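Residue-level structural notes
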Amino acid sequence: MADDFASFTGRERPALELASIVARLWDTTQHYRRVFTRLAGDRRRWITGAEHRLLIEALRDQDLTSALRILELHIRRTRVELAHHPEVVETQAE
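Thoughts on the side chain of H74
For H74, the location among the structural elements is in helix α3 (residues 64-83). For H74, a relative accessible area of 18% corresponds to the buried category. Residues in contact with H74, not counting those within four places in the same chain, are T48, E51 and H52.

So, the confidence of the model for the protein chain
Caution applies to low-pLDDT parts of the model: their predicted coordinates are not meant to be read in detail. With 81% of its residues at a pLDDT of 70 or more, the protein chain shows a mean pLDDT of 79. Taken element by element, the protein chain is modelled with least confidence in helix α4 (residues 86-93), mean pLDDT 66, and with most confidence in α3, mean pLDDT 90. Overall, residues 1-9 carries pLDDT values under 50, and its contacts beyond four positions in sequence, including any with other chains, amount to zero contacts.

Some remarks on helix α2 (residues 30-60)
When the terminal C-alpha atoms of α2 are compared, their 25 Å separation across 31 residues is substantially less than the 45 Å that a helix rising 1.5 Å per residue should span. In the structure, α2 departs most strongly from a straight axis at G41, where the bend amounts to approximately 115°. When α2 is considered as a whole, its buried residues turn out to be V35, F36, L39, A40, G41, T48, G49, E51, L55 and A58. Positive backbone phi, approximately 60°, marks Q62, located one or two places after α2.

Thoughts on the pattern of salt bridges
Opposite charge on two side chains makes pairing possible when the charged atoms of those side chains draw close. Scanning the model with the defined rule gives three salt bridges in all. A salt bridge links E81 to R44; the shortest N-O distance between them is 2.2 Å. Remark: R44 occurs in helix α2 and E81 occurs in helix α3; sequence separation between them is 37 residues. Across the pair E51 and R77 runs a salt bridge whose closest N-O atoms are separated by 2.4 Å. Of this pair, E51 sits in helix α2 while R77 sits in helix α3; the two residues are 26 residues apart in sequence, bridging distant segments of the chain. On the basis of relative accessibility, which here comes to 6%, the residue E51 falls in the buried class. Residue classification places R77 among the buried positions, given a relative accessible area of 17%.

Describing unusual backbone geometry
Phi at Q62 takes a positive value of approximately 60°, unusual for a residue other than glycine. Tracing the chain through its elements places Q62 in the loop between α2 and α3.

Brief notes about α3
With 20 residues, α3 extends 28 Å between its outermost C-alpha atoms, agreeing within 8% with the 28 Å of an ideal straight helix rising 1.5 Å per residue. When we look at burial in α3, the residues that qualify are A67, I70, H74, R77, T78, E81 and L82. Looking down the long axis of α3, one finds its buried residues gathered within 130° of arc, a one-sided arrangement. Of the exposed residues in α3, those oriented more than 90 degrees away from the buried face are L64, R69, R79 and A83.

Conventions adopted
- Residues numbered from 1 in each chain as written.
- Predicted model: local features only at pLDDT ≥ 70, side-chain atom pairs only at ≥ 80, totals over all residues.
- Heavy atoms only, no water.
- Helix = DSSP H or I, 4+ residues; strand = E, 2+ residues; numbered from the N terminus.
- Buried < 20%, exposed > 50% of the residue type's maximum accessible area, 1.4 Å probe, protein only.
- Contact = heavy atoms within 4.5 Å.
- pLDDT = per-residue confidence, 0-100.
- Expected span 1.5 Å × (residues − 1).
- Bend = angle between axes of the 7 residues up to and from the residue.
- Salt bridge = Lys/Arg side-chain N within 4 Å of Asp/Glu carboxyl O.
- Arc of directions from axis to C-beta.

Below, the structure is given as structure tokens:
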């Protein structure tokens, strides 16, 4: 039983560290996510929602390759949209 507990806690620790990293990224990107949502409006909201659903589905299927590609696409599209609005990044840096 001790071996089972040790292996369980060994697996649990990286998951907790990953959850901590994700939480920090979520918090630090809140401003950009809010602005992106406002800028994109209805014309792109459905695309963002579809990307989120595709990513969740890939993760549920444990399809790491697809999940990474979907995430890369999502990040790239967000960067392109924000690049059209440099004032978002400039005001955050001040």
